[in-house]
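# Topology and contacts: notes
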Amino acid sequence: MVVDYTHPSAVNANVAAYAAANLSFVVGTTGGDEAAMRATVADGAASTAYALIAPNMGKQIVALQAALEAAAATFPGAFAGYTLSVTESHQSHKADTSGTAKANVAAFSALGAPLPVDAIVKVRVPADQVGEMGVPEAALSGHAFHTYRLVSGDGSVRFELQHNVCGRSVYAEGTVDACVFLAQRRAGGDAVRVYNMIDVLRAGEMS
Ligand SMILES: NC(=O)C1=CN([C@@H]2O[C@H](COP(=O)(O)OP(=O)(O)OC[C@H]3O[C@@H](n4cnc5c(N)ncnc54)[C@H](OP(=O)(O)O)[C@@H]3O)[C@@H](O)[C@H]2O)C=CC1
Ligand SMILES: O=C(O)C1=N[C@H](C(=O)O)C[C@H](O)C1
C-alpha cells in the first residue's frame, strides 16, 4: 500500500507509476489533475491497481463536504443571489490553493453561489495567520483554517462556516481508515477500483 503526500508537481507522475505497477495507493496530495489521476487507474483495462484519492482525509471534514454536496443535489440554487467569499490558511510551504476549499466551492456553486477558484483567498504569511486568522503559533507549521461566508444580495442575511484544524492527526487517522478500506476492496476483488473518502464514510468508517 502506497500513501502519497508529496507535491502538486509530482503527484500525477507518481500516480502513473503506481498504476503501472498495479499497486494499491492512497493519494492525499492536492493540486494535481485529479480527473487525470482517476482516469489513469479506471481506464487501464488491464490494470489491477486500486486507488483512493481525496483532497481531505479528515473524516468529519469529509462528512461536511458530503453534506454540502447532498444539499446542493437536494436544493440546487438555494443560495442564488448570495455572494460567497472563502479564505483559507495553511502552513507557508503549501504550494497550491486548498483542495478542500475547491471541493466545497463546487458545492456552493451548485447551491447558486459560485466563486472562481482564483478568488479563494490564500493566507500563507505566518504573521497574517496569527494576526488575522487566529492560528496558534504552535500550529504554524501544520494547520488548515477555512472560512466560507455567504451574504444575501441586500446584505440582510449572512452565513459563516468554519473548519479549523491544528496539526495533522485527523488526516493520519483518516488515511489509516482509507488504507484499510482500500485493502478490503482489493481483497474482495471489487469491480470499482477508484474511490474517495466519501466512499469510506459511506462504508461506515466514521469513528
Ligand atoms: N488530503 C489531505 O487530507 C491532506 C493533504 N495534504 C496535501 O499533501 C501534500 C503534501 O503536504 P505536506 O505534507 O504538508 O508537504 P511537505 O512538504 O511537508 O511534505 C512533502 C513530502 O513529499 C516529498 N516530496 C516532494 N516532492 C516529491 C517527489 N517528487 N517525489 C517523492 N517525494 C516528494 C518531500 O520531500 P523533501 O522534503 O525531500 O522535498 C516531503 O517529504 C500537499 O498537497 C498538501 O496539501 C496535506 C495534509 C492533508
Ligand atoms: O496542506 C495541508 O495541510 C492540507 N491540505 C489539504 C487541502 O489542500 O485541502 C487538506 C487540508 O486542508 C490540509
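For the structure, check the block above.
My aim in this report is to walk through the structure given alongside it, one point at a time. On a predicted model such as this, the values are computed, not experimentally measured, just so you know.

## With respect to the pairing of strand 6 (residues 143-151)
Taken across its nine residues, strand 6 has eight buried, putting it largely inside the fold. As judged from the eight bridges shared by strand 4 (residues 83-90) and strand 6, these two strands associate in the antiparallel manner. Among the inter-strand pairings, Ser-85 is bridged to a residue of strand 6, identified as Arg-149. Once strand 6 ends, the chain turns through six residues before running back antiparallel as strand 7 (residues 158-166), passing Gly-155 with a positive phi of about 80 degrees.

## Some words on the environment of Tyr-5
Structurally, Tyr-5 is set in the loop between strand 1 (2-4) and helix 1 (8-20). Overall, Tyr-5 belongs to the partly exposed group, its relative accessible area being 43%. C-alpha of Tyr-5 to C-alpha of Gly-189: the two residues are 184 residues apart in sequence and 26 Å apart in space. What Tyr-5 contacts, discounting residues up to four positions off in sequence, is Gly-28, Thr-29, Met-57, Tyr-171 and Thr-175. There is a polar contact of 2.7 Å between the side chain of Tyr-5 and the side chain of Thr-175.

## Describing the sheet that holds strand 5 (residues 121-123)
Strand order in the open sheet formed by four strands is 5-4-6-7, and the pairing between neighbours is mixed. Strands at the two margins of the open sheet, each flanked by one partner only, are strand 5 and strand 7. Adjacent strand axes in the sheet meet at a mean angle of 10 degrees, parallel and antiparallel pairs treated alike. Alignment of strand 4 against strand 5, held across three bridges, turns out to be parallel.

## Focus on the site of ligand 2
Taken together, 13 residues sit near ligand 2, with His-90, Gln-91, Lys-94, Gly-99 and Thr-100 positioned nearest. Pro-55 places a polar main-chain atom, nitrogen or oxygen, 3.5 Å from an oxygen atom of ligand 2. Within the side chain of Ser-98, one N or O atom sits 3.2 Å away from an oxygen atom of ligand 2. For the shell around ligand 2, the elements supplying multiple residues, two or more each, are helix 4 (99-110) and strand 6. Looking at side-chain class alone, the shell around ligand 2 contains three nonpolar, eight polar and two charged residues.

## Notes on the packing of helix 1 against helix 2 (residues 34-42)
It is at 10 Å that the axes of helix 1 and helix 2 come closest, and there the two elements cross at 10 degrees. In terms of their interaxial angle, helix 1 and helix 2 are classed as roughly parallel. Counting all contacts with helix 1, which are made through Val-11, Asn-12, Val-15, Ala-16 and Ala-19, the residues of helix 2 involved are Ala-36, Met-37, Thr-40 and Val-41.

## Examining the sheet that holds strand 3 (residues 50-53)
Spatial ordering of the open sheet is given by 1-2-3-8, a layout of four strands whose pairing is parallel. Among the strands making up the open sheet, the edge pair consists of strand 1 and strand 8 (194-195).

## Some points on unusual backbone geometry
As a rule of thumb, non-glycine residues mostly have phi less than zero, and peptide bonds are mostly trans rather than cis. Even without a glycine there, the phi angle at Asn-22 is positive, about 60 degrees. Relative to the elements of secondary structure, Asn-22 occurs in the loop between helix 1 and strand 2 (24-27). With a relative accessible area of 29%, Asn-22 lands in the partly exposed category.

What counts, and where the lines are drawn
- Residues numbered from 1 in each chain as written.
- Chains lettered and ligands numbered in written order.
- Predicted model: local features only at pLDDT ≥ 70, side-chain atom pairs only at ≥ 80, totals over all residues.
- Heavy atoms only, no water.
- Buried < 20%, exposed > 50% of the residue type's maximum accessible area, 1.4 Å probe, protein only.
- Helix = DSSP H or I, 4+ residues; strand = E, 2+ residues; numbered from the N terminus.
- Pairing = 2+ DSSP bridges.
- Contact = heavy atoms within 4.5 Å.
- Polar contact = N/O pair within 3.5 Å; in protein donor to acceptor, adjacent residues only side chain to side chain.
- Axes fitted to C-alpha atoms, helices over the stretch in contact; angles between N-to-C directions.
- Near = heavy atom within 4 Å.
- Nonpolar A, V, L, I, M, F, W, Y, C, P; charged D, E, K, R; others polar.
- Parallel < 35°, antiparallel > 145°, perpendicular 65-115°, else oblique.

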